[in-house]
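For reference, the chains in residue letters:
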Amino acid sequence: IKSILFSNMEDIHIYSSVRKYSIFISFFLFFSALGVYSLTKAPSDTKLWIGTLISCFGGLFMLYLILKERLAKKPFLIITDKGIIINVINKWEVSFADVDEFYLKDMASVQLICIRYKENIAIKKMNKAGWFERIIRRFNHGIQNSQESFPAHTLNMKAKELCNLLNNRLNTYHERCSKNV
């Protein structure tokens, strides 16, 4: 009976939190407005121009992400019975067959869900990556002990609950696979 119950689990769709994104967008817009005002006083200050541009582009990028997700009705994260699909800028899929565990990592005010791949998969991913992606993967591994992660602090589900849900699905997947062998 248990294998029948878990054979066709429903997909879970998790969206970005509009409220949390609104706070970030407001933050960027405030600093953009402050920068524009300051530029009227010191128009030749290069650092001020750079800071203002970064704030403007940061706010616009976050606005783009939330509008893209909501208008296209594509969730940030889809959890299936075989893995997860992450829709950031490009679609990125992670198979539960390749994963040992998911774990939460707090970095300043950002919460990341890190993906610990099985060792042979981690090596394959590193070897398959281009030179720039290898640098990023090594940097990520040094900081968070994982080559890949995704942000969980802006989602409409608490990061710890999401991490537990992912590990439950992962364990269910591995149990189902071991019973089929």
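Above this note sits the structure.
Just so you know, these numbers come straight off a predicted model, no measurement behind them.

Topic: unusual backbone geometry
For Ala108, which is not glycine, the phi torsion reads 60 degrees and is therefore positive. Mapped onto the elements, Ala108 comes out in the loop between β5 (99-107) and β6 (110-117). Despite not being glycine, Asn145 has its phi angle at roughly 60 degrees, a positive value. When you line up the elements, Asn145 lands in the loop between α5 (131-144) and β7 (148-151). Asn145 gets classed as partly exposed once you look at its relative accessible area, which sits at 40%.

Quick notes on the packing of aromatic side chains
Taken as a whole, this structure holds 8 aromatic pairs when the rule is applied. On the basis of an interplanar angle of 70 degrees and a centroid distance of 5.7 Å, the ring pair of Phe27 and Phe28 is categorised as edge-to-face. Taken together, the ring pairs in this structure connect Phe27, Phe28, Phe30 and Phe31 into an aromatic cluster.

Regarding the packing of helix α4 (residues 119-128) against α5
Where α4 meets α5, the closest approach of the two axes is 8 Å, and the angle between their N-to-C directions is 140 degrees. Residues Lys125, Met126 and Asn127 of α4 form the contact with α5, whose participating residues are Arg134, Arg137 and Arg138. When its residues are assigned to classes, the contact of α4 with α5 shows 1 nonpolar, 1 polar and 4 charged.

Points about the pattern of salt bridges
Evaluation of the coordinates by the stated rule reveals 5 salt bridges. Notably, a salt bridge pairs Arg116 with Glu101, separated by 2.0 Å at the nearest N-O pair. Here the residue Arg116 occupies a position in strand β6, and Glu101 occupies one in strand β5, the gap between them amounting to 15 residues. A relative accessible area of 25% places Arg116 in the partly exposed class. Look at Glu101 and you get partly exposed, because its relative accessible area is 28%. Glu148 is the salt-bridge partner of Lys125, the closest N and O atoms lying 3.6 Å from each other.

Cut-offs and rules
Residues numbered from 1 in each chain as written. Predicted model: local features only at pLDDT ≥ 70, side-chain atom pairs only at ≥ 80, totals over all residues. Heavy atoms only, no water. Helix = DSSP H or I, 4+ residues; strand = E, 2+ residues; numbered from the N terminus. Buried < 20%, exposed > 50% of the residue type's maximum accessible area, 1.4 Å probe, protein only. Phe/Tyr/Trp six-rings, centres within 6.5 Å; stacked < 30°, edge-to-face > 60°. Axes fitted to C-alpha atoms, helices over the stretch in contact; angles between N-to-C directions. Contact = heavy atoms within 4.5 Å. Nonpolar A, V, L, I, M, F, W, Y, C, P; charged D, E, K, R; others polar. Salt bridge = Lys/Arg side-chain N within 4 Å of Asp/Glu carboxyl O.

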